[in-house]
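Okay, here's what each chain looks like letter by letter:
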Amino acid sequence: IVHWPFSATQRRRLNWVQLAGHKGNFKAADEGTILKKFCENEMQCFEKLQDDALRPFVPGYHGVVEKDGESFLHMTDLLTNFDLPNVMDCKMGVRTYLEEELVRARERPKPREDLYRKMVEVDGEGPTPQEHAQRGVTKPRYMQWRETMSSTNTLGFRIEGIKKDDGTCRTDFKKTRSKQDVIQVFKDFVEGNVTIMKSYLSRLTEIRQALKTSEFFRRHEVIGSSLLFIHDHKGNAQVWIIDFGKTTALPEGQMLNHDVPWQEGNREDGYLWGLGNLIHTLESVSSD
Ligand code: ATP
Ligand code: MG
Ligand code: MG
């Protein structure tokens, strides 16, 4: 039995939620911080973000640490200052895999049965006759299929998961695609609270402004990164940019626009286009 008042550690255990990724990828750390399994690419992003316009919008970064023989990125736990947080992970962009993954799958296809099964679970008609015959789909093929089922391709973002303060957790948004579907999910997430919606919107507008001046953003292909929405019953509401595992630096001198369609080779990610759509979508939630 846990007695009130909770200790800081107990509170953190009760609050902590992971809406994506493998369960073993995160560990609790000192007060208000967490450890994420080390990834060279993500570390480089965090280091470059330390003197970039985006710094106020990404989790605080406290370097690399070793624990039980494994390396981790030490970062701020964004849930710490909330009282029973509601959390949503929204994956940004029109594309969720790297161009190099596409090239590799084409040159040396590795059909996977686990991904085939995940596809069939959602849509028996998903796999092609050939994929059915081999009982396998390649990773980019699975990712592309996920993009067309959800709002990734049509809106440039998709909802990955939600945890509400009543303890319920949902990650079954694979078929949430239309603007109306997304609006409904957001309305349910904020339980019709227009003030929270407005706080989210103003934070998103600040993020968009920062992205437009960010040197880091101009020079990186941002794939698989999410916006983490957090609010609580006290009316605190924040949005953070997380997950740089697949955010890749462009060759020296190259830049992205983030707002034009992707064609293989141009490396565009549709991040700004998606953020614009997200802002418009949320505006219609807060106006009625
Ligand atoms: P994937 O690539 O599958 O999305 P991942 O292993 O790269 O997963 P993240 O996406 O970075 O992991 O994080 C997974 C989840 O963990 C997020 O959806 C969020 O719920 C939680 N999370 C991540 N970073 C933080 C943080 N700094 N503070 C609080 N929660 C976090
Ligand atoms: Mg993620
Ligand atoms: Mg990731």
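This section reports on the structure supplied with the text. Please read these numbers as outputs of a predicted model, since none were measured by experiment. (Residues numbered from 1 in each chain as written. Chains lettered and ligands numbered in written order. Predicted model: local features only at pLDDT ≥ 70, side-chain atom pairs only at ≥ 80, totals over all residues. Heavy atoms only, no water.)

### Describing the overall build of the chain
What the chain contains, in helices and strands, is 11 helices and 11 strands. Taking 288 residues into account, the globule formula puts the C-alpha radius of gyration at 19 Å, and the chain, at 19 Å, falls close to it. Expressed as a percentage of its 288 residues, the buried residues of the chain come to 49%. Of the roughly 14500 Å² that the chain leaves accessible, carbon and sulfur atoms contribute 50%. Within the chain, one finds 41 positive and 43 negative side-chain charges whose respective centroids are separated by 2 Å. (Helix = DSSP H or I, 4+ residues; strand = E, 2+ residues; numbered from the N terminus. Rg over C-alpha atoms; globule rule 2.2 N^0.38 Å. Buried < 20%, exposed > 50% of the residue type's maximum accessible area, 1.4 Å probe, protein only. Areas by Shrake-Rupley, 256 points an atom, 1.4 Å probe, with all protein chains shown as cover. Lys, Arg positive; Asp, Glu negative; His and termini not counted. Charge placed at Lys NZ, Arg CZ, Asp CG, Glu CD.)

### Overview of the site of ligand 1
What surrounds ligand 1 is a group of 20 residues, the closest being Leu19, Lys36, Leu78, Asp89 and Asp243. Between ligand 1 and Leu19 there is a distance of 2.9 Å, counted from an oxygen atom to a backbone nitrogen or oxygen. At a separation of 2.8 Å, an oxygen atom of ligand 1 approaches a polar side-chain atom of Lys36. For the shell around ligand 1, the secondary structure elements donating two or more residues are strand 2 (33-37) and strand 4 (70-76). (Near = heavy atom within 4 Å. Polar contact = N/O pair within 3.5 Å; in protein donor to acceptor, adjacent residues only side chain to side chain.)

### What to know about the sheet that holds strand 4
Pairing in this open sheet of 4 strands is antiparallel, and the strands run 1-2-4-3 from one edge to the other. The strands lining the two open edges of the sheet, one partner per strand, are strand 1 (26-28) and strand 3 (61-67). This sheet shows a mean twist of 30 degrees between the axes of neighbouring strands, independent of strand direction. Pairing between strand 1 and strand 2: 3 bridges, direction antiparallel. Across the sheet, the residue bridging to Ala28 is Ile34, located in strand 2. (Pairing = 2+ DSSP bridges. Axes fitted to C-alpha atoms, helices over the stretch in contact; angles between N-to-C directions.)

### Description of helix 4 (residues 113-122)
Within the sequence span of helix 4, burial applies to Leu115, Tyr116 and Met119. For helix 4, the buried positions fall inside an angular range of 105 degrees around the axis, keeping them on one side. In the core, the buried residues of helix 4 are packed alongside helix 5 (129-134) and helix 6 (139-149). (Arc of directions from axis to C-beta. Contact = heavy atoms within 4.5 Å.)

### Observations regarding the coordination of the magnesium ion (ligand 3)
Every protein donor of the magnesium ion (ligand 3) is accounted for by Asp243 (OD) and Asp243 (OD), and the metal-donor separations fall at 2.3 to 2.4 Å. In this structure, the magnesium ion (ligand 3) lies 3.9 Å from the magnesium ion (ligand 2), and both are coordinated by Asp243. (Donors = N, O, S within 2.8 Å, 3.2 Å for Na, K, Ca; no water.)

### Considerations on the packing of helix 8 (residues 179-190) against helix 11 (residues 271-286)
Relative orientation of the contacting elements helix 8 and helix 11 amounts to 60 degrees, with a least axis distance of 10 Å. Relative to helix 11, the element helix 8 is oriented oblique. Seen from above, helix 8 lies across helix 11 with right-handed handedness. Judged by residue contacts, Lys179, Val182, Ile183, Phe186 and Lys187 of helix 8 engage Leu278, His280, Thr281, Leu282, Ser284 and Val285 from helix 11. Grouping the amino acids of the contact of helix 8 with helix 11 by side-chain chemistry returns 6 nonpolar, 3 polar and 2 charged. (Parallel < 35°, antiparallel > 145°, perpendicular 65-115°, else oblique. Left-handed = near helix turned anticlockwise from the far one by under 90°. Nonpolar A, V, L, I, M, F, W, Y, C, P; charged D, E, K, R; others polar.)

### Overview of the side chain of Glu131
Mapped onto the elements, Glu131 comes out in helix 5. Of note is the side chain of Glu131, whose polar atom sits 2.6 Å from the side chain of Arg141. Excluding residues within four positions of it along the chain, Glu131 makes contact with Tyr116, Gly126, Gly136, Val137 and Arg141.

### Things to note about the packing of aromatic side chains
Scanning the entire structure with this criterion turns up 11 aromatic pairs. Between Phe186 and Phe189 the ring centres are 6.5 Å apart and the planes differ by 85 degrees, which places this aromatic pair in the edge-to-face class. With Phe186 and Phe189 both in helix 8 and 3 residues apart, the pair spans about one turn of that helix. For the pair Phe186 and Phe189, one class covers both residues: buried. Seen from their ring centres, Phe216 and Phe244 are 6.3 Å apart, and the 85 degrees between their planes marks the pair as edge-to-face. Here Phe244 lies in the loop between strand 10 (237-242) and strand 11 (248-249) and Phe216 lies in helix 10 (residues 215-218), a separation of 28 residues in the sequence. The buried category is assigned to Phe244, whose relative accessible area is 2%. Through a chain of ring-to-ring contacts, three or more aromatic side chains come together here, namely Phe46, Tyr61, Phe216 and Phe244. Over the ring of Trp240 we find Arg203, and its NZ or CZ is 4.6 Å from the ring centre. (Phe/Tyr/Trp six-rings, centres within 6.5 Å; stacked < 30°, edge-to-face > 60°. Lys NZ or Arg CZ within 6 Å of the ring centre and 35° of its normal.)

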